[in-house]
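Chain by chain, the residues run as shown.
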Amino acid sequence: KAGVTQTPRYLIKTRGQQVTLSCSPISGHRSVSWYQQTPGQGLQFLFEYFSETQRNKGNFPGRFSGRQFSNSRSEMNVSTLELGDSALYLCASSLAQGQGYEQYFGPGTRLTVT
Amino acid sequence: AQSVTQLGSHVSVSEGALVLLRCNYSSSVPPYLFWYVQYPNQGLQLLLKYTSAATLVKGINGFEAEFKKSETSFHLTKPSAHMSDAAEYFCAVIDNQAGTALIFGKGTTLSVSS
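Now for a look at the structure at hand. (Residues numbered from 1 in each chain as written. Chains lettered and ligands numbered in written order. Predicted model: local features only at pLDDT ≥ 70, side-chain atom pairs only at ≥ 80, totals over all residues. Heavy atoms only, no water.)

## So, the sheet that holds strand β8 (residues 74-78) of chain A
Strands belonging to one sheet form pairs held by backbone hydrogen bonds; the direction of such a pair is parallel or antiparallel.
All names here are of chain A.
Right, so step 1: Taken in spatial order, the four strands line up as β1-β3-β8-β7 in an open sheet, and their pairing is antiparallel. Two strands in the sheet have a free side with no partner beyond their single neighbour: β1 (5-7) and β7 (64-68). Averaged over all adjacent pairs, the angle separating strand axes in this sheet is 20°, with direction ignored.
Right, so step 2: Bridge count between β7 and β8: five bridges; the pairing is antiparallel. Bridged to glutamine 68 within β8 is serine 74. (Pairing = 2+ DSSP bridges. Helix = DSSP H or I, 4+ residues; strand = E, 2+ residues; numbered from the N terminus. Axes fitted to C-alpha atoms, helices over the stretch in contact; angles between N-to-C directions.)

## Structural notes on the pairing of strand β8 (residues 73-78) of chain B
Residue and element names in this part refer to chain B.
Right, so step 1: Burial analysis of β8 places five of its six residues in the buried class, which makes it a mostly covered element.
Right, so step 2: Here four bridges tie strand β3 (residues 19-26) to β8, and the two strands are oriented antiparallel to one another. Looking at β8, one finds that asparagine 24 is bridged to serine 73.
Right, so step 3: In this sheet, β8 lies alongside strand β7 (residues 64-68) in antiparallel orientation, the contact comprising five bridges. When the bridges of β8 are listed, glutamate 64 appears paired with threonine 77.
Right, so step 4: Between the antiparallel neighbours β7 and β8 lie four residues, among them threonine 72 with a positive phi of about 45°. (Buried < 20%, exposed > 50% of the residue type's maximum accessible area, 1.4 Å probe, protein only.)

## Observations concerning the sheet that holds strand β1 (residues 3-7) of chain B
Residue and element names in this part refer to chain B.
Right, so step 1: Ordered in space as β1-β3-β8-β7-β6, the five strands form an open sheet in which the pairing is antiparallel. Of all strands in the sheet, those bounded by a partner on one side alone are β1 and β6 (56-58). When the angles between neighbouring strand axes are averaged without regard to direction, this sheet yields 20°.

## Description of unusual backbone geometry
Right, so step 1: Following threonine 7 of chain A, the chain continues into proline 8 of chain A via a peptide bond in cis, with omega recorded as -10°.
Right, so step 2: With respect to the helices and strands, proline 8 of chain A occurs in the loop between β1 and β2 (10-13).
Right, so step 3: The backbone of serine 72 of chain A sits at a positive phi, close to 75°, despite the residue not being glycine.
Right, so step 4: Mapped onto the elements of the fold, serine 72 of chain A is located in the loop between β7 and β8.
Right, so step 5: What makes serine 72 of chain A buried here is its relative accessible area of 11%.
Right, so step 6: Backbone geometry at asparagine 61 of chain B places phi at a positive 60°, although glycine is not the residue there.
Right, so step 7: Tracing the backbone shows asparagine 61 of chain B in the loop between β6 and β7.
Right, so step 8: Judged by relative accessible area, which is 42%, asparagine 61 of chain B ranks as partly exposed.

## Focus on the state of the cysteines
All names here are of chain A.
Right, so step 1: Evaluation of the coordinates by the stated rule reveals two disulfides over all chains.
Right, so step 2: Linked covalently through their sulfurs, cysteine 23 and cysteine 91 form a disulfide whose S-S length is 1.7 Å. Residues cysteine 23 and cysteine 91 are joined by a disulfide whose S-S torsion is about -55°; by sign, that bridge is left-handed. Taken together, the positions of cysteine 23 in strand β3 (residues 19-24) and cysteine 91 in strand β9 (residues 87-94) put the pair 68 residues apart, joining distant regions of the chain. (Disulfide = S-S within 2.5 Å.)

Okay, structure coming up:
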């Protein structure tokens, strides 16, 4: 079974631009979560989607948004990029929403904002 | 609120030596705990999880962890280190306030020398 895929793997953007990242979960998985990883802040939860609805949101500004499609694929969008948004963005999928379900991570999208 | 603390940002061992990576958690309710590993330029791979079924949890690649409620610890061990174990390791706990969001520790980088 194919793992979680994320596209693109690397991205370079300029301050003020916006960016959209894509995540395809493991086949059959219906829950998708997004995390930001930076050297300074570590791994931080962005949001979680299940059945096309945002179920939880981390402590990030409204410039960070996401959505989930009927096939469980998810996208996240960052508007008005800032230098501090440079990070590895990780997507994780799980079978369903629930604390006992393992989350499987994709390879991430490395975003560099210049 | 839940949290995890990983003691030691860097651990160095010789090949064949015992690996011990420390994690202490804070939770007011029985926690769901996880260990993940991250190799350079890759996403996170689940090593093992604790969900209260058994206090000694065996994971992949010869790793195991023991849940000790009295010490609020969930340390990761491996009897004999291999060069391929060199990576960054993250302990995580489910955030009960936010569905299935994972709260990660700062990570421990494991170096293995020959």
